[in-house]
Structure formats: C-alpha cells, structure tokens
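Breakdown of the fold
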Amino acid sequence: MTSESEAYTVLQVPARNIAAPKGWRRADQYDPFEAWLGPYFERAEGGALDYAFLVDNRHVDETGSTHDGALMTFADACFGYAIWSATNRSPCVTVSQQSSFLAPARIGDLVVCRPQLVRITRDMAFVRGDFMVRGDTMCSVSAVWRIWRRN
Amino acid sequence: MTAERVAAPPGYTVLEGAGFNAYVGPVWRAPDGKSFLLEVRDIHMNGGGAIHGGMAMALAGIVMGGAVRDALDGAAAAAVSMTADFIGPVKLGDRLEGRASITRRTRTIVFVSCELGVNGKPALTASGIWKVAGGQ
C-alpha cells in the first residue's frame, strides 16, 4: 500500500476485463503491481471484508501451480486493505511477512481470504490470513506492518 | 504498461520461465549463475513510490528457488515457507539484485536464505524452506 498520504490514485485496468464472480465486486486498486496482477475482488460478509482473486495464467509457474510470488502479493494486498479500512487510509508499509504454502491452486480457482487484524496499535499492525480454495486452506500468512496515522 | 523491449545488462541472461516469472520479468541471471537482478519498472511499484512488497518477495523466492534447484541438480522442489523482512527502500529504476545461500539440505527439506540489495545496500532479507519432490 501507499506510504505517501495524499498520493494515491485509483487505477483503472480496462485491459483485463475479468468479471467479478457472483457475489463479489472489484476492489479498488491503488498499486500498479496489484493492478498488474489483478483484478482483486471483495465482498462484505458478516461484518467482515473478504478478498479474492481468480487464478489465471499470470499467477502460475511452468507446472500450472500457483506461483508463491502471486500468493505473497495477494496476501500483502489483503493486509493492506484491512489496515487501510481500520485506519482511515493511513499510510502503512510491510515490515515482515511469513508465508506458508500448504497446497497449490490451479488456473480457474478462486483464492479467498478474510484478513484478520490480530492487534493494531498507533504505529504497528499484526495481521494474518488463511487463503482458501473451495473451503480448503492452501496458504497461511502472517505479517507485521508499520503505520503512520493520519490523526 | 505493455510489452516494452529491454536490453540485458552486459553478460546477464534472461531467466527463462512461463506464467508469473515471464509476466513480471524479465529477471536477469548474472554471469556467475548465482545472482539474479530485477530492474524496477513502473509495473513493479506500489502507490507510494517504492517497489511493491509482493514483487520484492517474489524476487526473493526466485533467487532462493534458483539456489535450491542448483543444490538439487535440477530435481523438483517447491517452497513451503518463506519469511521476508523489508529493511530498506527500493525505488523506480533501481537494480535490485541478490543471491541465496543454502543453509542445510536434507533428503526432504532444503533451508535457504537470501539478501536483496541495491548497489550493495541491503533492501530485503529472506529465508525459506523448500520441500524436495518425492524426497523420502
């Protein structure tokens, strides 16, 4: 996510006209690299925000399994969205991220995450998330972020 | 942000790959075969003027995965865990380069770490665990 408080722009990615799955809408994208790999999708459910992306040929390795880079980028994006929505879009950056890859996903799979803010202080956030395909956890990530509060 | 042709740094060769690696690349392999280099372009950025953490972690994975494959003489292996610490900034146009070292190799598991930096200044440290395919 952004580290300059007023410098963000919602990016339009008309070139990748990938429809949102039923029940999901496109998430706004602020970072060029997330737009490059997106779109990412979001939905509000039970008072929480879920995020998802559809695996296509940009997100896999030569064997057709999800690339760890695509998963770590999506995780970073999910955590940024979660921290932004809890801090009035305060600037924040990743300090450390630990990612476990439990099972691969394949082209056409919808990878879903509900990021969990484990603890958030004035200038730090501890966040984690499980990444699911058809209800099975395929990736598990936890991270530490630094925040610069707007107020 | 479409196909732009970029010249290889002298002596470097492109890291062949399909899917993600080709789409976010090119990633260059140094003449010694051990170091990997990314020239940071507009597509790699976050909204705050730095490289996106996901791209930096992806490069760390590529660097460590290359070292693991070398250590296994090409046998297949997959990352099961990776930890990355972001210790310094990386900006547009920077040449982010790093190499990995194998900490320990068993029959089933390879422990590996790497450091990425810009002009020798550290930007990211990472460690990872790779599972050897079919390893008993």
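The residue count restarts for each chain, going from 1 along the sequence in the order it is written. Chain letters start at A and ligand numbers start at 1, both assigned in the order the entries are written. Predicted model: local features are reported for residues with pLDDT of at least 70 only, side-chain atom pairs are reported and counted for 80 or more only, and whole-chain, interface and lining totals are derived from all residues. Excluding hydrogens and water, the side-chain values take into account all heavy atoms of the structure.

**Here's the deal with the nonpolar core**
Remark: nonpolar core denotes a set of buried residues (Ala, Val, Leu, Ile, Met, Phe, Trp, Tyr, Cys) joined through side-chain atoms within 4.5 Å. Note on exposure labels: buried denotes an accessible area under 20% of the residue type's maximum, exposed denotes more than 50%, and partly exposed covers the range between, all computed with a 1.4 Å probe on protein chains only. Of all hydrophobic cores here, the largest spans 75 residues; its most connected members are F74, V111 and F131 of chain A together with L96 of chain B. The criterion used for residue contact is that any of the two residues' heavy atoms lie within 4.5 Å. Setting aside anything within four residues of it in sequence, one finds V111 of chain A in contact with Y51, A52, F53, V55, F74, A105, F131, M132, V133 and M138 of chain A.

**Concerning the pairing of strand 5 (residues 110-113) of chain A**
Residue and element names in this part refer to chain A. What makes two strands pair is DSSP finding at least two bridges between them. A run of DSSP states H or I qualifies as a helix once it reaches four residues; a run of E qualifies as a strand once it reaches two. Both are numbered from the N-terminal end. Relative to strand 5, strand 3 (residues 48-54) runs antiparallel, the two being bridged by four bridges. Counted as the bridge partner of A52 is V112 from strand 5. Here strand 5 runs beside strand 7 (residues 124-133); their pairing, made up of two bridges, is antiparallel. Residue pairing in the sheet places C113 in a bridge with F131 of strand 7.

**Let's talk about the interface of chain B and chain A**
With 29 residues of chain B at the interface, the matching set in chain A holds 33 residues. Note: buried area is the sum, over both parts, of the accessible area (probe 1.4 Å) each one loses when the two are combined. Counting each side, the surface lost to burial between chain B and chain A is near 2600 Å², with a carbon and sulfur contribution of 58%. If you sort the residues of chain B by the area they bury against chain A, F20, Y23 and H52 of chain B come out on top, with a joint share of 26%. Side-chain atoms alone can form a polar contact between residues adjacent in sequence; in general such a contact is a pair of N or O atoms within 3.5 Å, and within protein one must be able to donate a hydrogen while the other accepts it. Along the contact surface separating chain B from chain A lie 15 residue pairs in polar contact (both at pLDDT 80 or more). Looking at the side of chain B that touches chain A, the elements with two or more residues in it are helix 1 (19-24), helix 2 (53-71) and strand 4 (77-86) of chain B. Ranked by residue count, the leading element in the side of chain B that touches chain A is strand 4 of chain B, at eight residues. Judged from the five bridges that link them, strand 4 (residues 92-101) of chain A and strand 4 of chain B form a sheet pairing that is antiparallel. When the sheet's bridge partners are listed, S99 of chain A is paired in strand 4 of chain B with M82 of chain B.

**A closer look at the layout of surface pockets**
Its boundaries defined by the atoms lining it, the largest pocket holds a volume of some 840 Å³. Lining residues are those with an atom within 4 Å of a point, where the points come from a 1 Å grid over the protein atoms alone and group into cavities, where a 1.4 Å probe fits but cannot get out, or pockets, open sets with protein on both sides within 12 Å along at least five of seven lines. Every residue lining the largest pocket is counted, 36 residues in all, and those nearest its centre are D61 of chain A together with R69, A77, A78 and A79 of chain B. Among the secondary structure elements, those contributing two or more residues to the lining of the largest pocket are helix 2 (68-86) of chain A together with helix 2, strand 4 and strand 7 (121-132) of chain B. For the lining of the largest pocket, the element with the highest residue contribution is helix 2 of chain B, accounting for six residues. Each residue receives one of three labels: charged for Asp, Glu, Lys and Arg, nonpolar for Ala, Val, Leu, Ile, Met, Phe, Trp, Tyr, Cys and Pro, and polar for the others, Gly being one of them. Grouping the amino acids of the lining of the largest pocket by side-chain chemistry returns 18 nonpolar, ten polar and eight charged. Of the voids in this model, the second largest pocket is the one considered here, and its volume is about 370 Å³. V93 and T94 of chain A together with N46, A50 and I51 of chain B are, among the 24 residues lining the second largest pocket, the residues nearest its centre. Contributions of two or more residues to the lining of the second largest pocket are made by strand 4 of chain A together with helix 2 and strand 7 of chain B. Taken together, the residues of the lining of the second largest pocket sort by class into 15 nonpolar, six polar and three charged. Grid points are joined across faces, edges and corners, and a volume is the space filled by probe spheres set on the points.

**Focus on the pairing of strand 7 of chain A**
Residue and element names in this part refer to chain A. The two faces of strand 7 differ: A125, V127, G129, F131 and V133 on one face are buried, but M124, F126, R128, D130 and M132 on the other face are not. Taken together, the four bridges between strand 6 (residues 116-120) and strand 7 define a ladder with antiparallel strand orientation. Across the sheet, the residue bridging to L117 is V127, located in strand 7. Where strand 6 folds back onto strand 7 in an antiparallel hairpin, the turn is made up of three residues. Taken together, the ten bridges between strand 7 and strand 8 (residues 136-147) define a ladder with antiparallel strand orientation. From the neighbouring strand, F126 faces strand 8, where its bridge partner is V144. Between the end of strand 7 and the start of strand 8, which pair antiparallel, lie two residues, with R134 showing a positive phi angle near 50°.

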